[in-house]
Structure formats: C-alpha cells, structure tokens
Amino acid sequence: MAKMNEKITAISKGMYTEGKSHEHTVVIDEPASMGGTNEGANPLATLLVSLAGCENAIANFVAKEMEFDLQGIDFEVQGELDSRGMMGDEEVRPYFQKITVHASVHTSESEERLKELQEKVDKRCPVYTTMVAADVEMVPKWIKA
C-alpha cells in the first residue's frame, strides 16, 4: 500500500455540517450559545476525537508489530487555544497552541515497553504528526491503566 487518498462530502446549513465518509455520517455543530443547534460536537472537539481515534488505530498496528499486549486505551485529550485568533485577531494564531494526550493503556507490559509503544505511535500517527508540523505543542502522557 503506497499513496492513499481520503475523501468526504459535506452539506452545511448555518453552523450544522453533516459529513459523509464512505457509509458513515459525522455531524458537527456548535452549541446554541454559539449560534448552532447543538446536534453534534464542535469542530475543535471533533479534531481531538480524531486524534484519539488515530492514535488508537496506529497503536493497534504497532502493538501487533511489536507483539505488545494491548487490551485497550482510554483517552482524555485536552486542547488549549486563544479564541481571539478565530475571532479575527491576526496577532493570535487561530488553532491549538497545546494539546495534552492522556492515554490509560490496558496492558500487562512493562513501563519501558509502554514508552516504546507511545513513541512509535506518536511518530506514525498522521493526525498527531500533522499537529506537530503545525507547531502545536504536543504533550503525550501514556500510563498503564
């Protein structure tokens, strides 16, 4: 497998967006306080969920390669940004400045092997590495559950 392409279609009305990826539908919206209808997670939260999902998928690929006992991962991902950027202040970048990934890994493996898994995952995860390329400070905190 070499070059891959990912494609979605989306229909938007107001703050509501319904995206289609293959046979799946993703709804993105804003809360009523931001002019939306609160029918889905906001775009920034959706990005953080995408990060967790990507890290999980890559962790499963890597665990298989390493013969690592990966029983599951629970994620808590927090992103920090200055909202003035998305509100038009050109002096402030309009995207996350820092993202912290807390991963509680269900495993019988040692702390050393867990650290090796985390490092390999962070180097191979397309969403994580996109954030790094955008100069987002990434703070991974992987622990045994």
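Residues numbered from 1 in each chain as written. Predicted model: local features only at pLDDT ≥ 70, side-chain atom pairs only at ≥ 80, totals over all residues. Heavy atoms only, no water.

### Here we look at the overall build of the protein chain
Stage number 1. Within the protein chain, the secondary structure is distributed over three helices and six strands.
Stage number 2. Its C-alpha atoms give the protein chain principal-axis dimensions of roughly 50 × 40 × 30 Å.
Stage number 3. For the protein chain, the proportion of contacts with a sequence separation of at least 24, taken over those separated by at least 6, is 55%.
Stage number 4. Only carbon and sulfur atoms are counted for the fraction: they give 53% of the accessible area of the protein chain, which is about 9600 Å².
Stage number 5. Positive and negative charge centroids in the protein chain, built from 15 and 25 side chains respectively, lie 5 Å apart. (Helix = DSSP H or I, 4+ residues; strand = E, 2+ residues; numbered from the N terminus. Contact = heavy atoms within 4.5 Å. Areas by Shrake-Rupley, 256 points an atom, 1.4 Å probe, with all protein chains shown as cover. Lys, Arg positive; Asp, Glu negative; His and termini not counted. Charge placed at Lys NZ, Arg CZ, Asp CG, Glu CD.)

### Observations regarding the nonpolar core
Stage number 1. Counting 28 residues, the largest nonpolar core has L51, I99, L117, M138 and W142 as the members making the most contacts within it.
Stage number 2. Secondary-structure elements contributing two or more residues to this core are helix 1 (43-66), strand 4 (72-80), strand 5 (98-106), helix 2 (111-124), helix 3 (126-133) and strand 6 (137-144).
Stage number 3. With nine residues, helix 1 is the single largest residue contributor to this core.
Stage number 4. Other than its neighbours up to four places away in sequence, M138 contacts L51, I99, V101, Y128, M131 and V132. (Core = buried A, V, L, I, M, F, W, Y, C linked by side-chain atoms within 4.5 Å. Buried < 20%, exposed > 50% of the residue type's maximum accessible area, 1.4 Å probe, protein only.)

### Points about the environment of R124
Stage number 1. Relative to the assigned elements, R124 resides in helix 2.
Stage number 2. For the pair R124 and I58, spaced 66 residues apart in the sequence, the C-alpha separation amounts to 7.0 Å.
Stage number 3. Setting aside chain neighbours within four positions, we find R124 in contact with I58, V62 and E65.

### Section: the environment of P126
Stage number 1. By the element assignment, P126 lies in helix 3.
Stage number 2. Owing to a relative accessible area of 45%, P126 belongs among the partly exposed residues under this scheme.
Stage number 3. Sequence spacing of P126 and P31 is 95 residues, and the spatial spacing of their C-alpha atoms is 29 Å.

### Here we look at the packing of aromatic side chains
Stage number 1. Inspection of every chain in the model, using the stated rule, returns one aromatic pair.
Stage number 2. For the pair F75 and W142, a centre-to-centre distance of 6.5 Å together with 85 degrees between the ring planes defines the contact as edge-to-face. Placement of the pair is F75 in strand 4 and W142 in strand 6, with a sequence separation of 67 residues. (Phe/Tyr/Trp six-rings, centres within 6.5 Å; stacked < 30°, edge-to-face > 60°.)

### Brief notes about the pattern of salt bridges
Stage number 1. Tallied over the entire structure, the rule returns seven salt bridges.
Stage number 2. R93 is paired through a salt bridge with D135; the nearest N and O atoms lie 3.8 Å apart. Of this pair, R93 sits in the loop between strand 4 and strand 5 while D135 sits in the loop between helix 3 and strand 6, and the two are 42 residues apart along the sequence. (Salt bridge = Lys/Arg side-chain N within 4 Å of Asp/Glu carboxyl O.)

### Details of helix 2
Stage number 1. Over its 14 residues, helix 2 runs 20 Å from end to end, which matches the ideal 20 Å to within 8%, given 1.5 Å per residue.
Stage number 2. All buried positions along helix 2 are accounted for by L114, L117, Q118, V121 and D122. The buried residues of helix 2 occupy an angular sector of 125 degrees when the element is viewed end-on, so they sit on one face. Those residues of helix 2 that are exposed and aimed more than 90 degrees away from the buried face are E112 and K123.
Stage number 3. Buried residues along helix 2 sit against helix 1, strand 5, helix 3 and strand 6. (Expected span 1.5 Å × (residues − 1). Arc of directions from axis to C-beta.)

### Here we look at the pairing of strand 3 (residues 24-28)
Stage number 1. As defined by bridge partners, strand 2 (residues 16-21) adjoins strand 3 across five bridges and the pair is classed as antiparallel. Following the sheet pairing, S21 is matched in strand 3 by H24.
Stage number 2. In textbook terms, the turn of a hairpin is the stretch between consecutive antiparallel strands, and for strand 2 and strand 3 this stretch comprises two residues, one of which, H22, has a positive phi near 55 degrees. (Pairing = 2+ DSSP bridges.)

Function-wise, these values are silent; they only describe arrangement.
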